[in-house]
Amino acid sequence: MFPIISKEILAPTISKFVIHAPLVGKKRKAGNFVIIRVIENGERIPLTIVDSNLAEGTITLIVQAIGKTTKLLCSMNAGDSILDVVGPLGNPTPIENHGSVACVGGGVGTAEMYPITKALKGAGNRVFSIIGGRSRDLVILEEEMRSCSDEVFITTDDGSYGQKGIVTDPLRQLLMNSQSGIKAVYAIGPLPMMKAVSNLTREFGVHTLVSLNAIMVDGTGMCGGCRVTIDGKMKFACVDGPEFDGHQVDFDELILRNKSYLDFERMANEQLLKETASSHEVAP
Amino acid sequence: MTVLNPLKPSERMKIPRQHSIEQPASDRVQGFTEVSFGVDEERAMIEATRCLECKNAVCVEGCPVGIDIRSFIQLILQKDYAGAVNKIREANYLPAICGRVCPQEEQCEAVCTLGKKHMPVAIGKLERFVADYEMEHNLFTPPVITERRDQKVAIVGSGPAGLTCAAELAKMGYRVTVFEALHAVGGVLRYGIPEFRLPRKILDLETDRIRGLGVEIQTNFLVGRTATIDEFFEEWGFSAVFLGTGAGTPNFMGIPGESLPGVYSANEFLTRVNLMKANKFPNFDTPIRMGSNVAVIGGGNTAMDAVRTAKRLGAERAILVYRRSRQEMPARQEEIHHAEEEGIELMLLTNPTRILGNENHTVTGMECQRMELGEPDESGRRKPVAVKGSEFVIPVQIVIEAVGQQPNPIIQATTPGLKTGKRGVVETNEKQGTSRPGVFAGGDLARGGATVILAMRDGKQAAVAIHEYIQSKVQDEGNKAIVSTGAEVVGT
Ligand SMILES: Cc1cc2nc3c(=O)[nH]c(=O)nc-3n(C[C@H](O)[C@H](O)[C@H](O)COP(=O)(O)OP(=O)(O)OC[C@H]3O[C@@H](n4cnc5c(N)ncnc54)[C@H](O)[C@@H]3O)c2cc1C
Ligand SMILES: Cc1cc2nc3c(=O)[nH]c(=O)nc-3n(C[C@H](O)[C@H](O)[C@H](O)COP(=O)(O)OP(=O)(O)OC[C@H]3O[C@@H](n4cnc5c(N)ncnc54)[C@H](O)[C@@H]3O)c2cc1C
Ligand code: SF4
Ligand code: FES
């Protein structure tokens with residue numbers, strides 16, 4: 001059992017959890033993730049390790065409630081426990097001093113971007129960060145990102161905060177501006193966003209690393225469910241990734257594969273709604 | 001002993017081999033309950049009477065772990081079923097499992113004297129009978145551990161190789177911890193072999209008994225990532241490590257259409273059902289895609305389990321597509337027979353070339369080629385050759401590939417100096433030692449895909465070697481200590 005030490009609500013659908021998992025915390029590096037299973041009948045899902053605290057033996061996870069498992073997790077509180085946590089999984093992000101880099105986070109992807117941004121800054125890079133969200137609510141970790149960036153750009157689809165538009169707008173500006181001298185781009189967010197970023201950076205010939213959120217089961221290379229196509233070759237996102245060269249990723253294929261279980265996900269969601277509704281009825 | 005069995009050998013030979021009692025195929029495909037109920041006491045007794053009690057019991061040599069088969073059968077004749085299972089347990093700590101999944105027809109029963117002219121003794125069924133009898137009648141008595149030792153041994157992977165090694169070392173008194181990446185124990189026994197061949201109740205009981213020996217099992221621990229082998233030695237204080245991480249990484253055929261949703265590796269398909277209980281969705285959260293027609297590619301145990309599982313998930317047509325002929329199928333005959341009873345279609349001498357999808361990107365069919373058998377290849381089996389222009393399409397919505405697996409590379413990549421051979425198989429010597437002192441390996445990791453009993457054999461062998469290794473180190477240190485204290489004595 002992995003106790004939840006604290007919980008903080010970052011946005012209506014996004015929560016931050018500090019979880020006691022000392023062994024994972026000790027070994028994790030930027031870019032690593034864990035697989036968790038919340039309850040006995042639950043699914044195994046991957047979540048990025050956003051931070052760790054060696055002295056406290058904790059790891060930090062930031063979760064967006066989008067389906068049954070993430071909603072269940074987000075309904076939990078300090079004092080509750082998560083049944084299973086295994087990690088750190090995946091290859092750590094290759095961190096080097098490129099000179100100047102851009103870090104692009106979309107939605108909850110910003111949470112996954114934050115440890116990498118911090119590490120890139122630590123390695124001596126000049127860091128330009130771009131945080132995108134559909135609306136003001138979904139722009140998260142602005143403070144944290146500012147603390148490890150030289151400059152931060154914020155975009156929202158509806159213009160409710162920062163500049164109206166999508167993350168590729170400021171990125172294009174940065175790439176066009178020779179002064180910024182961007183040598184590498186790191187992007188994490190929804191697949192269409194990472195695809196758009198990769199298409200853009202390809203034009204400029206700037207190396208781009210993206211983190212692929214394939215559907216996973218074991219996270220140890222045992223099932224092949226997380227397979228993705230990189231430069232025409234099959235790779236397992238959990239052990240060969242999760243990060244890959246954005247210019248080589250077959251995004252359309254992954255977008256399709258991630259829709260494999262839409263009907264099931266809808267059903268699970270409805271069931272969760274019913275369960276919570278009935279538990280409310282029982283409650284006095 | 002002849003007192004117990006008054007029949008003359010010629011009379012024993014006349015008794016027909018006893019068969020298991022099996023659930024009718026039409027019933028068993030409705031769910032995941034066990035196919036075979038085994039033999040009852042009466043049949044077991046008749047079967048035991050068939051044994052010739054050979055002076056040269058060749059069956060024992062046929063058993064990879066050397067179970068004293070003749071003696072355990074004699075104990076059955078004395079109705080000492082608990083004694084019989086304990087006799088087995090001296091050589092094999094997982095009798096209820098082996099009695100169910102071992103290919104006895106290739107091992108003990110293949111060499112049984114009676115089998116030369118008649119049907120061999122149904123050794124596997126007797127093994128299962130005594131193990132089940134013990135379970136039903138609560139007769140289990142844990143072995144007494146006479147000596148406690150201080151040294152700690154780490155076992156990586158909780159498949160049959162790891163569990164056996166752990167049990168053997170615990171019995172010798174070592175402090176043993178098993179580290180398992182998944183949230184549940186058992187390796188392929190848990191996530192690969194389906195309930196209808198190996199009920200979870202039995203697996204749970206057998207693993208509880210291993211815990212009962214004082215073995216600690218730590219799940220959710222991916223060695224190489226959560227901690228490395230080097231850290232096990234340097235920081236965790238382990239004296240030796242056994243690697244039993246199996247051959248879990250699935251191969252894919254590399255044909256077009258493999259990335260379509262609805263195409264699974266057998267590992268994923270079976271894991272979703274066996275480990276995650278996707279067959280019970282939505283009561284369990286993990287989903288699985290199904291269709292009315294399912295094709296499984298391959299001819300081994302894994303393919304057989306996948307196709308029979310698909311049938312149980314409701315497939316009207318569950319088709320096994322194999323490129324060679326029936327004779328070359330590596331699956332156990334018994335399983336092929338059971339599959340056919342359950343209405344599984346065998347499409348032999350057929351090789352898939354392409355998986356087809358529609359505009360919604362769901363699988364609609366699989367294009368295949370007819371094959372012919374040509375010259376024997378390096379495995380001695382006749383090599384299948386494609387018949388030109390023989391392409392045809394099978395209409396299916398789900399394709400499952402069971403075309404082999406390889407060792408998971410995480411340990412090899414994170415353990416400097418660990419030598420591997422082809423396909424990432426860890427190289428071992430005859431004592432299961434690896435190129436790293438103190439690191440031993442066995443099971444599928446060292447064999448690249450074999451059987452439960454061979455994994456167990458390796459685990460046992462390694463336990464003996466680990467004991468020798470630790471004791472020789474203890475002795476060395478003892479000698480050094482004597483030398484140093486000796487020096488002090490001289491000094492004072
Ligand atoms: C390496 C990696 C790191 C991730 N890090 C984070 C993170 O830090 N914070 C965060 O909020 N989310 C993260 N995700 C995404 C997160 O795993 C999914 O949102 C979650 O699995 C959805 O599960 P659900 O039951 O709540 O939703 P569902 O309704 O079941 O699914 C919603 C969508 O999530 C995806 N999904 C479903 N099941 C899985 C699964 N088993 N594995 C992966 N994706 C799945 C599918 O695309 C699906 O359409 C990460 C994913 C990956 C692969
Ligand atoms: C579907 C299927 C059906 C089969 N049917 C039969 C049968 O009927 N009869 C038979 O004799 N054989 C059968 N086999 C083969 C048999 O199951 C294997 O040969 C046997 O399980 C190998 O045992 P093992 O202990 O070496 O590895 P495994 O059983 O593969 O166990 C390895 C364990 O190690 C864990 N692991 C891997 N890497 C790490 C790590 N880095 N850290 C921690 N843990 C790790 C894995 O999660 C797994 O639990 C079948 C195989 C399959 C796939
Ligand atoms: S070889 Fe066959 S007949 Fe002889 S002792 Fe073994 S089981 Fe009995
Ligand atoms: S999640 Fe199973 S292989 Fe990657």
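Residues numbered from 1 in each chain as written. Chains lettered and ligands numbered in written order. Predicted model: local features only at pLDDT ≥ 70, side-chain atom pairs only at ≥ 80, totals over all residues. Heavy atoms only, no water.

Chemist: Which parts of the structure should I look at to understand the overall build of chain A?
Modeler: Helices and strands together make up the secondary structure of chain A, namely nine helices and 17 strands. Dimensions of chain A, computed from C-alpha atoms along their principal axes, come out at roughly 65 × 40 × 40 Å. In chain A, buried positions account for 56% of the 284 residues. When contacts within chain A are restricted to residue pairs at least 6 apart in sequence, long-range pairs at least 24 apart make up 64% of them. As displayed, chain A offers around 11,700 Å² of accessible surface, 52% of which is attributable to carbon and sulfur atoms. For chain A, the separation between the mean place of its 28 positive charges and that of its 32 negative charges on side chains is 3 Å. (Helix = DSSP H or I, 4+ residues; strand = E, 2+ residues; numbered from the N terminus. Buried < 20%, exposed > 50% of the residue type's maximum accessible area, 1.4 Å probe, protein only. Contact = heavy atoms within 4.5 Å. Areas by Shrake-Rupley, 256 points an atom, 1.4 Å probe, with all protein chains shown as cover. Lys, Arg positive; Asp, Glu negative; His and termini not counted. Charge placed at Lys NZ, Arg CZ, Asp CG, Glu CD.)

Chemist: For this particular structure, what's the right way to read the nonpolar core?
Modeler: Within soluble globular proteins, side chains that are nonpolar generally end up buried alongside one another. Counting residues in hydrophobic clusters, the biggest one holds 75 residues, and the most contacted among them are Ile69(B), Phe72(B), Ile76(B), Ile155(B), Leu169(B), Val215(B) and Ile466(B). Counting residues per element, this core draws most heavily on helix H19 (residues 452-491) of chain B, at nine residues. When neighbours within four sequence positions are excluded, Val215(B) is seen to be in contact with Ala166(B), Ala170(B), Val176(B), Val178(B) and Ile210(B). The next biggest cluster of nonpolar side chains, apart from the first, holds 40 residues, and it includes Leu89(A), Leu174(A), Leu191(A) and Met194(A). (Core = buried A, V, L, I, M, F, W, Y, C linked by side-chain atoms within 4.5 Å.)

Chemist: Can you walk me through the packing of aromatic side chains in this structure?
Modeler: The geometry of two aromatic rings is summed up by the distance between their centres and the angle between their planes. All names here are of chain B. Throughout the structure, instances matching the rule amount to 18 aromatic pairs over all chains. With centroids separated by 5.2 Å and ring planes inclined at 85°, the aromatic side chains of Tyr81 and Phe129 adopt a geometry described as edge-to-face. Of this pair, Tyr81 sits in helix H6 (residues 81-91) while Phe129 sits in helix H9 (residues 123-136), placing them 48 residues apart in sequence. The rings of Phe179, Phe221, Phe232, Trp236 and Phe238 are connected pair by pair, giving a single aromatic cluster. The ring of Tyr93 is capped by Arg89, whose NZ or CZ atom sits 5.9 Å from the centre of that ring. (Phe/Tyr/Trp six-rings, centres within 6.5 Å; stacked < 30°, edge-to-face > 60°. Lys NZ or Arg CZ within 6 Å of the ring centre and 35° of its normal.)

Chemist: Is there a simple way to explain the site of ligand 2 in this structure?
Modeler: Residue and element names in this part refer to chain B. Taken together, 34 residues form the shell around ligand 2, and within it Val101, Ala161, Glu180, Arg197 and Asp444 come nearest. Contact between ligand 2 and Val101: a nitrogen atom at 2.7 Å from a main-chain N or O atom of the residue. Within the backbone of Val452, a nitrogen or oxygen atom sits 3.0 Å from an oxygen atom of ligand 2. Only helix H10 (160-171), helix H15 (301-312) and H19 provide two or more residues apiece to the shell around ligand 2. A per-element tally of the shell around ligand 2 places H15 first, with three residues. Partitioning the shell around ligand 2 into residue classes produces 18 nonpolar, 12 polar and four charged. (Near = heavy atom within 4 Å. Polar contact = N/O pair within 3.5 Å; in protein donor to acceptor, adjacent residues only side chain to side chain. Nonpolar A, V, L, I, M, F, W, Y, C, P; charged D, E, K, R; others polar.)

Chemist: For this particular structure, what's the right way to read the sheet that holds strand S7 (residues 81-82) of chain A?
Modeler: Within a sheet, each strand pairs with its neighbour through backbone hydrogen bonds, oriented either parallel or antiparallel. All names here are of chain A. Ordered by their spatial adjacency, five strands build an open sheet running S5-S6-S2-S1-S7, and the pairing between neighbours is antiparallel. Each of the sheet's edge strands pairs with one partner strand only, and the pair in question is strand S5 (51-53) and S7. Of the strand pairs in this sheet, strand S1 (residues 2-11) and strand S2 (residues 14-20) are connected by six bridges, and their pairing is antiparallel. Bridging from a neighbouring strand, Ala11 pairs with Ile14 of S2. (Pairing = 2+ DSSP bridges.)

Chemist: Sorry if this is basic, but what is going on with the site of ligand 1 here?
Modeler: All names here are of chain A. Close to ligand 1 lie 24 residues, the nearest being Pro46, Ile62, Gln64, Thr70 and Glu265. Gly67 has a polar backbone atom sitting 3.2 Å from an oxygen atom of ligand 1. In this structure, Glu265 approaches ligand 1 through a side-chain N or O atom, which is 2.9 Å from an oxygen atom. About the coverage of ligand 1: the protein hides 91% of its 860 Å² of free accessible area. For the shell around ligand 1, the elements supplying multiple residues, two or more each, are strand S4 (44-48), strand S6 (58-64) and helix H2 (68-74). Residues belonging to the shell around ligand 1 are distributed by class as follows: 12 nonpolar, seven polar and five charged.

Chemist: I tried to follow the sheet that holds strand S5 (residues 216-218) of chain B on my own but got confused; where do I start?
Modeler: Residue and element names in this part refer to chain B. Strands sit in the order S5-S4-S3-S6-S18 across an open sheet of five strands; the sheet is parallel. Edge positions in the sheet fall to S5 and strand S18 (439-441), since each has one partner strand and no second. Strand-to-strand twist in this sheet, taken as the mean axis angle between neighbours without regard to direction, amounts to 20°. Relative to strand S6 (residues 238-243), strand S3 (residues 152-156) runs parallel, the two being bridged by five bridges. The residue bridging Lys152 from the neighbouring strand is Phe238, located in S6. On top of the sheet, H10 reaches S3, strand S4 (175-179), S5 and S6; it is set at about 165° to S3, its chief contact. (Axes fitted to C-alpha atoms, helices over the stretch in contact; angles between N-to-C directions.)

Chemist: Whenever I open this one, the interface of chain B and chain A confuses me. Can you help?
Modeler: The figure often quoted for interface size is the accessible area lost as the parts come together. If you look at the interface, chain B gives 43 residues, while chain A gives 42 residues. Both faces considered, chain B and chain A share a buried interface measuring about 3,700 Å² in area, 57% of it formed by carbon and sulfur atoms. Sorting the residues of chain B by area buried against chain A places Asn220(B), Arg225(B) and Asp285(B) first, and these three jointly supply 18% of that buried surface. Run the count over chain B and chain A and you get three salt bridges. Connecting chain B to chain A are 21 residue pairs in polar contact (both at pLDDT 80 or more). (Buried area = accessible area lost by both parts, 1.4 Å probe. Salt bridge = Lys/Arg side-chain N within 4 Å of Asp/Glu carboxyl O.)

Chemist: Before we go on, may I ask you to explain the confidence of the model for chain A in this structure?
Modeler: Keep in mind that low pLDDT regions are not for reading the predicted coordinates in detail. Chain-level statistics for chain A give a pLDDT mean of 93 and a share of 98% at 70 or above. Of all secondary-structure elements in chain A, the lowest mean pLDDT belongs to helix H9 (residues 262-282) of chain A, at 78, while strand S3 (residues 33-37) of chain A reaches the highest, 98. (pLDDT = per-residue confidence, 0-100.)

Chemist: Just to check I follow, could you spell out the environment of Asn279(B) for this structure?
Modeler: All names here are of chain B. As for its position among the elements, Asn279 is in the loop between helix H14 (266-274) and strand S9 (293-297). Expressed as a C-alpha distance, the spacing of Asn279 and Ala303, which sit 24 residues apart in the sequence, is 18 Å. Leave out the neighbours within four places in its chain, and Asn279 touches Phe32, Val273 and Leu313.

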